[in-house]
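Listed here are the chains, written in short residue letters.
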Amino acid sequence: MESTVTVPGGRRIPRLGFGTYQIAPRDTEQRVGEALRAGYRHIDTARYYRNEKGVGAAVRASGLVRDDIWITSKLPIDADGADEVNRAVDATVDALGTHVDLYLIHWPRPRHGRYPRTWQALRSAQAAGRLREIGVSNFHQAQLDRILADGGPPPAVNQIEAHPHFANNAVRRFCAERGIAVAAWSPLGAGSVLRDPTIAAVAREAGRSPAQVILRWHLQRGDIVLPKASTPQRIRQNAAVFDFALDARQMTRIDQLDRGEAGRTGPNPERL
Ligand code: A2P
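Residues numbered from 1 in each chain as written. Predicted model: local features only at pLDDT ≥ 70, side-chain atom pairs only at ≥ 80, totals over all residues.

**What to know about the site of the ligand**
- Taken together, 18 residues form the shell around the ligand, and within it Ser186, Leu188, Gly191, Ala211 and Ser230 come nearest.
- Here the shell around the ligand gets three residues from one element, more than from any other, and that element is helix α9 (residues 232-239).
- Among the residues forming the shell around the ligand, the class breakdown is seven nonpolar, nine polar and two charged. (Near = placed C-beta within 6 Å. Helix = DSSP H or I, 4+ residues; strand = E, 2+ residues; numbered from the N terminus. Nonpolar A, V, L, I, M, F, W, Y, C, P; charged D, E, K, R; others polar.)

Below is the structure:
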């Protein structure tokens, strides 16, 4: 099992990332430090989370080589147009104290209809050498189609909600066809999928925890995973997912847990 996904430019994104949504600024350095010690080499943050500063501090304190760590961050949710994008890039780089490897449009907000303009602004910032990889989050097929219509390179990543109760396969298939890597947020269904009896049964068979089984399912589907966890023990447990495998039957049993739209735990991006 490859521990990275290679994007078209050749850069390699570590497939196990640590999600930092809802980590308070004062706890971030310690929590991210815990993740880096546990072996995570990808940290997912956002302007909206207000914790980029702690992410940067943890990366510096880790003693790891900066290029061995991948930092994803995201534009403020209402950022729109070149000036706001450039200000946000400055603010992110300033808070992190280092470059950002991947910068995403956080939500398309289709009713505002401005995401194609924001995408163009990200493209310009990348062309100016201010950003390495760029991508999107919570984009549906129609929104991806609109930003692909300019004929430019596709986003490196679409970060979307995905987990066994909401497999999000239509968007995933569309991304696969267009060479866009998929990263799953709330890969454990915000914790709700941990209690699923099928997950519990597969976990018993595999001699692993429910969280490990779910994360392994994501990895075997080919996605990047961004689990969140609060305790050192859970942070470490969720990193130990590269030394076992689910067989085809176990994968299918988990595939069958998909509840479609009813399985979403977060907001539907179409409605924002
Ligand atoms: P906690 O924050 O108390 O550690 P998701 O990443 O899908 O949003 O899921 C996050 C939720 O899953 C959090 O409530 C987190 O609890 C819980 N969680 C994460 N890892 C584990 C684990 N290994 N065992 C049990 N619960 C976990």
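**Some details on the sheet that holds strand β10 (residues 224-226)**
- In spatial order, the strands read β3-β4-β5-β6-β7-β8-β9-β10; together these eight strands make up an open sheet with parallel pairing. Because the sheet does not close on itself, it has two edges, and the strands there are β3 (18-19) and β10.
- As judged from the four bridges shared by strand β6 (residues 102-105) and strand β7 (residues 133-137), these two strands associate in the parallel manner. The partner of Leu102 across the bridge, within β7, is Glu133. (Pairing = 2+ DSSP bridges.)

**Remarks on the environment of Glu205**
- For Glu205, the position within the fold is in helix α7 (residues 197-206).
- In this structure the C-alpha to C-alpha distance between Glu205 and Gln250, which are 45 residues apart in sequence, comes to 9.4 Å.

**Some remarks on the nonpolar core**
- Formed by 69 residues in total, the largest nonpolar core has its most connected members in Tyr103, Leu122, Ala181, Ala183, Ala184, Ile214 and Ile224.
- Those residues in contact with Tyr103 that lie beyond four places of it in its chain are Ser73, Lys74, Leu75, Val89, Leu122, Leu131 and Ile134. (Core = buried A, V, L, I, M, F, W, Y, C linked by C-beta atoms within 7 Å. Buried ≥ 20, exposed ≤ 12 C-beta atoms within 10 Å, placed from the backbone. Contact = placed C-beta atoms within 7 Å.)

**Overview of the UniProt feature "binding site: substrate" (unreviewed entry) in the protein**
- Feature annotation in UniProt assigns "binding site: substrate" (unreviewed entry) to the following positions: His106.
- As for its placement among the helices and strands, His106 is situated in the loop between β6 and α4 (115-127).
- Beyond its immediate sequence surroundings of up to four residues, His106 is in contact with Ala46, Tyr48, Lys74, Leu75, Ile77 and Ser137. (UniProt positions renumbered as here; feature names shortened; annotations may be inferred.)

**Comments concerning the packing of α4 against helix α5 (residues 141-148)**
- Contact pair α4 / α5: the axes reach a minimum separation of 10 Å and the direction vectors enclose 50°. In terms of their interaxial angle, α4 and α5 are classed as oblique. The element α4 and its partner α5 pack so that their crossing is right-handed. From α4, Tyr115, Pro116 and Trp119 reach across to α5, where they touch Gln143, Arg146 and Ile147.
- Residues that form the contact of α4 with α5 fall into these classes: four nonpolar, one polar and one charged. (Axes fitted to C-alpha atoms, helices over the stretch in contact; angles between N-to-C directions. Parallel < 35°, antiparallel > 145°, perpendicular 65-115°, else oblique. Left-handed = near helix turned anticlockwise from the far one by under 90°.)

**A look at unusual backbone geometry**
- The phi dihedral of Arg109 is positive, around 45°, even though this residue is not glycine.
- Mapped onto the secondary structure, Arg109 falls in the loop between β6 and α4.
- A count of 20 C-beta atoms within 10 Å places Arg109 in the buried class.
- Located in the positive-phi region is Ser186, a residue other than glycine, with phi close to 50°.
- By the element assignment, Ser186 lies in the loop between β9 (181-185) and α7.

**Overview of the packing of α7 against helix α8 (residues 210-221)**
- Relative orientation of the contacting elements α7 and α8 amounts to 95°, with a least axis distance of 8 Å. Our classification of the angle between α7 and α8 gives roughly perpendicular. Two secondary-structure elements touch here, α7 through Ile199, Ala200, Val202, Ala203 and Ala206 and α8 through Pro210, Val213 and Ile214.
- In terms of residue class, the contact of α7 with α8 is made up of eight nonpolar, no polar and no charged.

**What about the environment of Arg178?**
- Of note, Arg178 is situated in the loop between α6 (169-177) and β9.
- In this structure Arg178 comes out as partly exposed when scored by C-beta crowding, with 14 C-beta atoms within 10 Å.
- Along the backbone, Arg178 and Ile13 are 165 residues apart, and their C-alpha atoms lie at a distance of 17 Å.

**Focus: the pairing of strand β5 (residues 70-74)**
- Burial of β5 is extensive: five of the five residues sit out of reach of the surface.
- Sheet topology note: the strand β4 (residues 42-44)/β5 ladder contains three bridges and is parallel. If you follow Ile43 over to β5, its bridge partner there is Ile71.
- Taken together, β4, helix α2 (residues 52-61) and β5 constitute a β-α-β crossover, and its handedness is right-handed.
- By the bridge criterion, three bridges tie β5 to β6 in an arrangement that is parallel. Paired with Ser73 across the two strands is Tyr103, which belongs to β6.
- For the segment spanning β5, helix α3 (residues 81-96) and β6, crossover handedness is right-handed. (Right-handed = clockwise from strand over helix to strand, strands pointing away.)

**Comments concerning the environment of Tyr115**
- Note that Tyr115 resides in helix α4.
- Along the backbone, Tyr115 and Phe18 are 97 residues apart, and their C-alpha atoms lie at a distance of 26 Å.

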